[in-house]
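Residue-level structure breakdown
What follows is each chain in one-letter form.
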Amino acid sequence: MKAGIQAAFQPTTLCPELTAQIVEHGYRGEPPLLASVLAAGLADRILTLPEEGSDVVVAWVRQICERYSLPKAVIAMLESACGTARRVLRVHPETQISEDELAALEHAIGRVIDGCLQNEQRAAEVVETEEVEAAMAGFLARLDDADPASAEHSRAVALWCKRISRRLDMNEEQTIFTARCGLLHDVGKTVTPSEVLQAPRSLTKEEWVVMRAHTTQGARMIHDIPLLRAFAPAARWHHERLDGLGYPDHLPAHEIPLHIRIVTVADCFNAMIGRRPYRLPMSPNAALEQLIAHRETQFDPLIVEAMIDVVERADA
Ligand SMILES: [Fe+2]
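Let me begin by describing the structure that accompanies this report. (Residues numbered from 1 in each chain as written. Predicted model: local features only at pLDDT ≥ 70, side-chain atom pairs only at ≥ 80, totals over all residues. Heavy atoms only, no water.)

On inspection of all chains with the given rule, the structure shows 2 aromatic pairs. Seen in terms of ring centroids, Trp-160 and Phe-269 are 5.2 Å apart; in terms of plane orientation they differ by 85°. Their pairing is edge-to-face. Taken together, the residues span a long stretch of sequence, with Trp-160 in helix α8 (residues 148-167) and Phe-269 in helix α14 (residues 258-273) at a distance of 109 residues. Across the pair, Phe-269 and Trp-160 agree in class, each one buried. (Phe/Tyr/Trp six-rings, centres within 6.5 Å; stacked < 30°, edge-to-face > 60°. Helix = DSSP H or I, 4+ residues; strand = E, 2+ residues; numbered from the N terminus. Buried < 20%, exposed > 50% of the residue type's maximum accessible area, 1.4 Å probe, protein only.)

This is the structure in structure tokens:
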């Protein structure tokens, strides 16, 4: 795939920096990156899109959109990239962006957006609600028995996930799916020894190994229930980080799905504002500052921004 892009986007037709970014991130780039690449390229007058290149852009964007279950927020960013270019062209008519090139790009993006909207109309796979609800309730009951604080935290995380998803204009199916991921993300703690889970102090190195196993254990437990299998990755990967320093798989950013990035932000925020046996709760503002301090390395900046909006709106 990368070779295809490379061939289509020769530096003679596209600026070298932009080409390098596209080639480097290829089909696995992220929507925010894509939008910023487009916006930067257009706004800085460096993008000269050849007519034959537009299909490659369409294919590339479509793959990204499908991979990430494109939220409307990304569509908005793409549209805003075109808007930026239009403004640049209006203010600086001498730019290298021609009306024709811009029209070609807008047409290409328009086709992507149409495709995305059609995708959204195809109902995402939401399995039979009652059965899923019952299976999830079973897990939550076990978590309530093992550690009521973890169960309470999970319910709160599900709510935060729902609010963040709505803030990102995700559709109802994606919102429900993400909230369920939030509800189930910590079920592995049902088998974490209580002396580790409820230790009234910082954990030792050995205890951390035991604690971290809740990710793989939870994923295994969920995977064993066919109806819930789609939620297993959230249990396994909610402690992964954008910089690849998370656990258990040290995933690189492009392999962490959007809905799990949402769970991660919701989980960390709610953990920080909650009481722990060994520390007092943080204020929501202090917790948001932590999210901001660790965006790019730990958290997706787009989700952090949405979380800030959600919290500020709740305060209003
Ligand atoms: Fe966790």
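Their axes nearest at 7 Å, the elements α8 and helix α9 (residues 172-184) cross at an angle of 155°. Considered as vectors, α8 and α9 are oriented roughly antiparallel to each other. In terms of crossing hand, the pair formed by α8 and α9 is right-handed. Residue-level contacts link Ser-154, Arg-155, Val-157, Ala-158, Cys-161, Lys-162, Ser-165 and Arg-166 of α8 to Glu-172, Thr-175, Thr-178, Ala-179, Gly-182 and Leu-183 of α9. Residues that form the contact of α8 with α9 fall into these classes: 5 nonpolar, 5 polar and 4 charged. (Axes fitted to C-alpha atoms, helices over the stretch in contact; angles between N-to-C directions. Parallel < 35°, antiparallel > 145°, perpendicular 65-115°, else oblique. Left-handed = near helix turned anticlockwise from the far one by under 90°. Contact = heavy atoms within 4.5 Å. Nonpolar A, V, L, I, M, F, W, Y, C, P; charged D, E, K, R; others polar.)

Here we take up unusual backbone geometry. Between Tyr-247 and Pro-248 the backbone carries a cis peptide bond, its omega angle lying at 10°. Mapped onto the fold, Pro-248 is located in the loop between α13 (232-237) and α14. Even without being a glycine, His-250 presents a positive backbone phi close to 50°. As for its position among the elements, His-250 is in the loop between α13 and α14.

Once that is clear, we can look at the pattern of salt bridges. Between side chains of opposite charge, a pair can form as their charged atoms come close. Under the definition given, this model contains 8 salt bridges. Ionic pairing is found between Arg-180 and Glu-133, a salt bridge with its closest N-O pair at 3.3 Å. Taken as a pair, Arg-180 in helix α9 and Glu-133 in helix α7 (residues 129-146) lie far apart in primary sequence, 47 residues in all. Under the relative-accessibility criterion, Glu-133 is labelled partly exposed at 40%. Salt-bridge contacts for Arg-155 lead to Asp-144; the nearest nitrogen and oxygen are separated by 2.8 Å. You can see Arg-155 sitting in helix α8 and its partner Asp-144 sitting in helix α7, a full 11 residues away along the chain. (Salt bridge = Lys/Arg side-chain N within 4 Å of Asp/Glu carboxyl O.)

For the rest of this paragraph, the subject is the nonpolar core. Across soluble globular proteins, nonpolar side chains show a tendency to be buried alongside one another. One finds Ile-164, Leu-184, Ile-222, Leu-291 and Met-307 to be the most contacted residues of the largest nonpolar core, which totals 50 residues. Secondary-structure elements contributing two or more residues to this core are α7, α8, α9, α12 (214-223), α13, α14, α15 (284-293) and α16 (301-315). At 9 residues, α14 tops the list of elements feeding residues into this core. With residues up to four places along the chain from it excluded, the contact list for Met-307 reads Trp-160, Ile-164, Val-265, Phe-269, Leu-288 and Leu-291. Counting residues in hydrophobic clusters, the runner-up holds 5 residues, among them Val-196, Leu-197, Ala-199 and Met-211. (Core = buried A, V, L, I, M, F, W, Y, C linked by side-chain atoms within 4.5 Å.)

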